[in-house]
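Residue strings, one per chain:
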Amino acid sequence: RWPAQSAWVFGLFISSKQTMLVWIPLGLVLLFTRFPRWQDRLVWLGKCTAAGLLPLLVFSLIWTPRTIYDSTVVFIAQTPLRNDSLSFGTLVLHSFPGALWIVPFFGLGALGLILFLAVRKGLALSVGMWAITYATGWTAFLILNRQAFQNYYFLAILLWFIGAALLGAPEQETNTPTTSY
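What you see is a predicted model; the values in this text were computed from it and never measured.

Conventions we followed
Residues numbered from 1 in each chain as written. Predicted model: local features only at pLDDT ≥ 70, side-chain atom pairs only at ≥ 80, totals over all residues. Heavy atoms only, no water. Core = buried A, V, L, I, M, F, W, Y, C linked by side-chain atoms within 4.5 Å. Buried < 20%, exposed > 50% of the residue type's maximum accessible area, 1.4 Å probe, protein only. Helix = DSSP H or I, 4+ residues; strand = E, 2+ residues; numbered from the N terminus. Contact = heavy atoms within 4.5 Å. Expected span 1.5 Å × (residues − 1). Bend = angle between axes of the 7 residues up to and from the residue. Patch = residues over 30% accessible without salt bridge, like charges linked within 9 Å, V, L, I, M, F, W, Y side chains within 5 Å. Areas by Shrake-Rupley, 256 points an atom, 1.4 Å probe, with all protein chains shown as cover. Salt bridge = Lys/Arg side-chain N within 4 Å of Asp/Glu carboxyl O. Axes fitted to C-alpha atoms, helices over the stretch in contact; angles between N-to-C directions. Parallel < 35°, antiparallel > 145°, perpendicular 65-115°, else oblique. Left-handed = near helix turned anticlockwise from the far one by under 90°. Nonpolar A, V, L, I, M, F, W, Y, C, P; charged D, E, K, R; others polar. Lys, Arg positive; Asp, Glu negative; His and termini not counted. Arc of directions from axis to C-beta.

> It is not clear to me how the nonpolar core should be interpreted in this structure. Could you clarify?
Within soluble globular proteins, side chains that are nonpolar generally end up buried alongside one another. Among the nonpolar cores identified, the biggest contains 15 residues, and Tyr-134, Trp-138, Leu-142 and Leu-159 are the most heavily contacted of them. Contributions of two or more residues to this core are made by α6 (103–120), α7 (127–144) and α8 (154–168). At seven residues, the largest contribution of residues to this core is made by α7. Not counting the four nearest positions on each side in its chain, Leu-159 is found in contact with Ala-131, Ile-132, Tyr-134 and Ala-135. With seven residues, the next largest nonpolar core counts Phe-10, Leu-31, Phe-35 and Trp-44 among its residues.

Written out as structure tokens, the structure is:
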């Protein structure tokens, strides 16, 4: 029953808070490792998207689409920069104030490029390597994004430790008899 319900649960999880979007690559790993056929992948992705858009539909009935846009996208875009941010993007924005809309794309581009290369090289097949790759991509995203604070890097540190632990774990023993000479 796991594959049938995972799309609904994952879609609701992603839509629960805007910062949960960082888990979308995990969904891609689930999509490509659990479903070998493209038809199954499209069905899973469709269910996940429907479940994720359901809360937005509810809120759009309460608020207008313009209110939702203003209270999420515009609010975040107009948040003033803080000088204590630990990111290269903040330095760029202080040097070039007109770059406000382009800087987030640097971070997303770096994250996307690292994840694309990882999938292309087959690193996503190992859960430990996927965790380390995602930690690297997330760190690149934070470094190039417009604002990042110490606690934002905790996820990357946690994923590096999890990846290292998974890669260092002993292999499972098999029940096949061995021959000694």
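> For this particular structure, what's the right way to read helix α3 (residues 38–62)?
Along an α-helix, a turn takes 3.6 residues, which lines up residues three or four apart on a common side. Taking 1.5 Å per residue, 25 residues should reach 36 Å; α3 reaches 36 Å between its end C-alpha atoms and fits that length. A maximum bend of about 30 degrees is found in α3 at Leu-54, where proline Pro-55 lies one to four positions downstream.

> Help me understand the environment of Ala-50 in this model?
Its location among the elements puts Ala-50 in helix α3. Taking the relative accessible area as the measure of exposure, Ala-50 reaches 40% and is therefore partly exposed. Residues Ala-50 and Gly-11, 39 residues apart in the sequence, show an inter-C-alpha distance of 7.3 Å.

> What is the right way to read a nonpolar patch on the surface from this model?
Taken together, the side chains of Leu-54, Leu-57, Val-58, Phe-59, Leu-61, Ile-62 and Trp-63 define a hydrophobic patch exposed on the protein surface, amounting to about 740 Å² of accessible area. Examined against the element boundaries, Trp-63 turns out to sit in the loop between α3 and α4 (65–77).

> Would you take a moment to explain the packing of α7 against α8 for this structure?
Two quantities define a packed helix pair, namely the angle between the helix axes and the distance between the axes. Look at α7 against α8: their axes get within 7 Å of each other, and the N-to-C directions meet at 160 degrees. As far as their axial angle goes, α8 and α7 are roughly antiparallel. Seen along the crossing, α7 lies across α8 with a hand that is left-handed. Between α7 and α8, the residues in contact are Val-127, Gly-128, Met-129, Ala-131, Ile-132, Tyr-134, Ala-135, Thr-136, Trp-138 and Thr-139 and Leu-155, Ala-156, Leu-159, Trp-160, Gly-163, Ala-164, Leu-166 and Leu-167, respectively. Looking at the contact of α7 with α8 residue by residue, the classes come out as 14 nonpolar, four polar and no charged.

> Explain the side chain of Arg-41 to me, please; I cannot follow it from the model alone.
Tracing the sequence through the fold places Arg-41 in helix α3. Here Arg-41 occupies a buried position and makes no salt bridge, while the nearest side chain of opposite charge, Asp-40, is found at 8.0 Å. Excluding residues within four positions of it along the chain, Arg-41 makes contact with Leu-31, Phe-32, Phe-35 and Pro-36.

> Would you explain the packing of helix α2 (residues 24–34) against α3 in this entry?
Taken N-terminus to C-terminus, the directions of α2 and α3 make an angle of 145 degrees; their axes are 9 Å apart at the nearest point. For α2 against α3, the interelement crossing comes out right-handed. Contacts between α2 and α3 involve Gly-27, Leu-31 and Phe-32 from the former and Trp-38, Arg-41, Trp-44 and Leu-45 from the latter. Grouping the constituent residues of the contact of α2 with α3 by class yields five nonpolar, one polar and one charged.

> Could you clarify how one ought to interpret helix α5 (residues 88–95) in this entry?
By the burial criterion, the buried members of α5 are Gly-89, Thr-90, Val-92 and Leu-93. In a view along the axis of α5, the buried residues occupy a sector of 160 degrees, so they form one face of it.

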